[in-house]
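# Per-entry structural report
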Amino acid sequence: MNLCIIGGGPAGLSAAIRAREDGLEDVLVIERADSLGGILNQCIHHGFGVHVFKEELTGPEYSQRLIDRALKLGVKFALGAMVIDIEEDRTVTYVSPRGLTSLKPGAVVLAMGCRERSRGAIGIPGGRGSGVYSAGTAQEMVNMKGFKLGQKVVILGSGDIGLIMARRMALEGADVLGVYEIAPHSGGLKRNIAQCLNDYGIPLFLSHTVTRTKGLKTLEGVYVAKVDENYQPIPDTEHFIPCDTLLLSVGLIPENELATKINVEMSPITGGAIVNNRLETSIPGVFAAGNALHVHDLVDHVTLESYDAAANAVKFIRGQLPPATHSTIVTPGHGVRYTVPMALIPGEPMYTISFRSSGIYSPCEIKISADGETIRSIKKRAIIPSEMERVRFVLKNPAKEVKVEIL
Amino acid sequence: MTEITCVSCPVGCLMAVTQQNSQISVTGNECPAGLEYAKEELTAPTRNIATSIKVTGGHMTMLSVKTATPIPKSKIMAAVAEIHKITAAAPVAIGDIILENVTGTGVNIVATREVKAVGFAHTHPLF
Ligand SMILES: Cc1cc2nc3c(=O)[nH]c(=O)nc-3n(C[C@H](O)[C@H](O)[C@H](O)COP(=O)(O)OP(=O)(O)OC[C@H]3O[C@@H](n4cnc5c(N)ncnc54)[C@H](O)[C@@H]3O)c2cc1C
């Protein structure tokens, strides 16, 4: 057993494709669902693949392209197989209809994706009546199962999933009363605000939140209020909105119970592993990619990152990855919330850093500096927190620190 | 005067668009793409849509579908109503035409995922 990839979403499939393309014989993808493709199966809208396939595909079409390629290349799959344990020597244990299986691969890629933050995690008080769903669950119920949810819908959170679901519910004939966003700006792409809200006359209320819900058996409505600059509800602005459905689009959390089991060093900001430019975690031979590493805006970036992780995993297995004796720290400077990777091992012709901004900057400049000396600057018309940036640069001389900042 | 968000790129300029006779002028756009987009939005706005319909005899019960090319924005709700009346039958391949000429737009509705006929699940090595 050579390479074991945990998760059969776009990250896992892309990693498997790259490992086989690089000539690795034995590549296994372990997926707990009965089918491959991960979350993309339920993302039936357009907007995937513009970078990787140079055409605009829907989610299922994007994942099918990866599945077809992986099958053609002879990637092995275990489906309905959930990895329940991993040890520091990389022994991976999974349960499947065949029972319990343990194997010890030469390297592991963690590609478990992420899950949605739930109602409990943000603590909205009120009755536990039916009609409250996370936006992703609602997406699956409507698109994959054909369920009809409610007729009067309120959405909390203006991230892209919330916006996409606002349009989806409108197309299903529901009355979408509004999208409420606690921040003073939307967490989603302007494109999605235009095409998912404005097209359907759905209002967006910024600096607003849902304070409580009403309804013991079924949802009868929600209370909403304006918030101050500290995101605290302003009491006399609270009012009641009758509705039968509340969708929560309040963030994604990388799914990393397995990583923490073997004490992989984790980033409190991304919720994913701390990795170097090889996308290798603090445990040698354990790599991470996709939403399990950090939440991505575009699946195209997931594919590119996973290619890199797999290429390095293959080198590791072949003993072509010299152990890192020292490394350059990457620090997020002004305007940068986090970077991936967080460290660079010297000797690569080119480095790629992904990052997200902490605010809206327009127009602006991305500056990369090594020990205080500028090595690359890129002019941008706009950088917004909901879009991930990827920069590439050459590091000619050894450095202690590389800093990424937005000026 | 109409306000339009340009969706040509992620900057998303908020543009003020005015129309006098056939003359369309735009302010607030940072590049020429804004004018082109505004012209299209004012004269003939189009959109892609995607939804799911029932499918019988397959390994799944719902089939995702899309417009093969964009349709006029004004036809969206009528098109969705027409699409939702259809039930497909497995097997279905990606790209199969599910409905021709939706609401007279000349645009076909095509499948965006594969649905195998039942029985497949027991013979295919992946399932
Ligand atoms: C609800 C939702 C909607 C989204 N909508 C969009 C969109 O519209 N456009 C866009 O570009 N991006 C969207 N995204 C982002 C999209 O998820 C990512 O671009 C991409 O799907 C991430 O791929 P991944 O493989 O990392 O994760 P996933 O697609 O989540 O795949 C992870 C896979 O790992 C499996 N897994 C997890 N743990 C285990 C385990 N222990 N054992 C075995 N298998 C395991 C899961 O079952 C899953 O199949 C959305 C994300 C979510 C959550």
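Residues numbered from 1 in each chain as written. Chains lettered and ligands numbered in written order. Predicted model: local features only at pLDDT ≥ 70, side-chain atom pairs only at ≥ 80, totals over all residues. Heavy atoms only, no water.

### Quick look at the overall build of chain A
Counting secondary structure elements, chain A contains eight helices and 28 strands. What you see for chain A is a C-alpha radius of gyration of 22 Å, in line with the 22 Å of a compact globule of 407 residues. Counting only C-alpha atoms and orienting by the principal axes, one finds that chain A spans roughly 65 × 55 × 40 Å. Across the 407 residues that make up chain A, the buried fraction comes to 56%. (Helix = DSSP H or I, 4+ residues; strand = E, 2+ residues; numbered from the N terminus. Rg over C-alpha atoms; globule rule 2.2 N^0.38 Å. Buried < 20%, exposed > 50% of the residue type's maximum accessible area, 1.4 Å probe, protein only.)

### Re the site of the ligand
Residue and element names in this part refer to chain A. Around the ligand, the structure places 33 residues, and the nearest of them are Ala11, Glu31, Ile39, His45 and Asn291. For the ligand, an oxygen atom lies 3.1 Å from a polar atom in the side chain of Arg32. Take Ile39: an N or O atom from its main chain is 3.0 Å from an oxygen atom of the ligand. Within the complex, the protein chains bury 93% of what would otherwise be the 980 Å² of accessible surface of the ligand. Within the residue set of the shell around the ligand, elements represented by two or more residues are helix 1 (10-21), strand 2 (27-31), strand 6 (82-86), helix 4 (135-143) and helix 8 (299-317). When the residues that make up the shell around the ligand are grouped by side-chain class, the tally is 19 nonpolar, eleven polar and three charged. (Near = heavy atom within 4 Å. Polar contact = N/O pair within 3.5 Å; in protein donor to acceptor, adjacent residues only side chain to side chain. Areas by Shrake-Rupley, 256 points an atom, 1.4 Å probe, with all protein chains shown as cover. Nonpolar A, V, L, I, M, F, W, Y, C, P; charged D, E, K, R; others polar.)

### Topic: the packing of aromatic side chains
All names here are of chain A. Taken as a whole, this structure holds five aromatic pairs over all chains when the rule is applied. For the ring pair Tyr180 and Phe205, a centre distance of 4.6 Å and an interplane angle of 10 degrees mean the geometry is stacked. With Tyr180 in strand 13 (residues 175-180) and Phe205 in strand 14 (residues 204-205), this pair connects stretches of sequence that are 25 residues apart. Above the face of the Phe53 ring, Arg65 is positioned so that its terminal group lies 5.3 Å from the ring centre. Positioned over the ring face of Tyr223 is Arg212, at 3.8 Å from the centre of the ring. (Phe/Tyr/Trp six-rings, centres within 6.5 Å; stacked < 30°, edge-to-face > 60°. Lys NZ or Arg CZ within 6 Å of the ring centre and 35° of its normal.)

### Some details on the interface of chain B and chain A
In this assembly, 33 residues from chain B lie in contact with 34 residues from chain A. Each partner contributes to the roughly 2700 Å² buried at the junction of chain B and chain A, and carbon and sulfur atoms together form 57% of this total. On inspection of chain B and its partner chain A, the count reaches four salt bridges. Among the salt bridges present, the one from B:Arg47 reaches A:Asp199, with a minimum N-O distance of 2.4 Å. At the surface where chain B touches chain A, the tally comes to seven residue pairs in polar contact (both at pLDDT 80 or more). Every element with two or more residues in the side of chain B that touches chain A is listed here: strand 5 (50-56), strand 6 (62-67) and helix 2 (76-84) of chain B. Grouping the amino acids of the side of chain B that touches chain A by side-chain chemistry returns 17 nonpolar, ten polar and six charged. (Contact = heavy atoms within 4.5 Å. Buried area = accessible area lost by both parts, 1.4 Å probe. Salt bridge = Lys/Arg side-chain N within 4 Å of Asp/Glu carboxyl O.)

### Quick word on the environment of A:Thr328
All names here are of chain A. Position of Thr328 relative to the elements: it lies in strand 21 (residues 328-332). Here the alpha-carbon distance between Thr328 and Met342, two residues 14 residues apart in the chain, equals 8.6 Å. Apart from the residues within four sequence positions on either side, Thr328 is in contact with Met342, Ala343, Leu344, Leu395, Ala399, Lys400, Glu401 and Val402. Within the local environment of Thr328, its side chain forms a polar contact with the backbone oxygen of Ala399, the two atoms lying 2.8 Å apart.

### Looking at the pairing of strand 18 (residues 245-248) of chain A
All names here are of chain A. Residues of strand 18 alternate between two faces, with Thr245 and Leu247 on one and Leu246 and Leu248 on the opposite face, all of them buried. As judged from the three bridges shared by strand 11 (residues 132-134) and strand 18, these two strands associate in the parallel manner. Bridge pairing in strand 18 links Tyr133 to Leu247. (Pairing = 2+ DSSP bridges.)

### Let's talk about a nonpolar patch on the surface
Taken together, the side chains of A:Met82, A:Ile84, A:Val95 and A:Leu100 present a nonpolar region at the surface, about 340 Å² in accessible area. Position of A:Val95 relative to the elements: it lies in strand 7 (residues 92-96). (Patch = residues over 30% accessible without salt bridge, like charges linked within 9 Å, V, L, I, M, F, W, Y side chains within 5 Å.)

### Digging into the packing of helix 1 of chain A against helix 8 of chain A
All names here are of chain A. Direction vectors running N to C along helix 1 and helix 8 enclose 45 degrees, while the axes themselves pass 7 Å from each other. Taken as axis vectors, helix 1 and helix 8 run oblique relative to one another. Crossing angle aside, the handedness with which helix 1 passes helix 8 is right-handed. Only Val299, Val302, Thr303, Ser306, Tyr307, Ala310, Ala311 and Val314 of helix 8 make contact with helix 1, whose side of the interface consists of Pro10, Ala11, Ser14, Ala15, Arg18 and Ala19. Class assignment of the residues belonging to the contact of helix 1 with helix 8 gives a composition of ten nonpolar, three polar and one charged. (Axes fitted to C-alpha atoms, helices over the stretch in contact; angles between N-to-C directions. Parallel < 35°, antiparallel > 145°, perpendicular 65-115°, else oblique. Left-handed = near helix turned anticlockwise from the far one by under 90°.)

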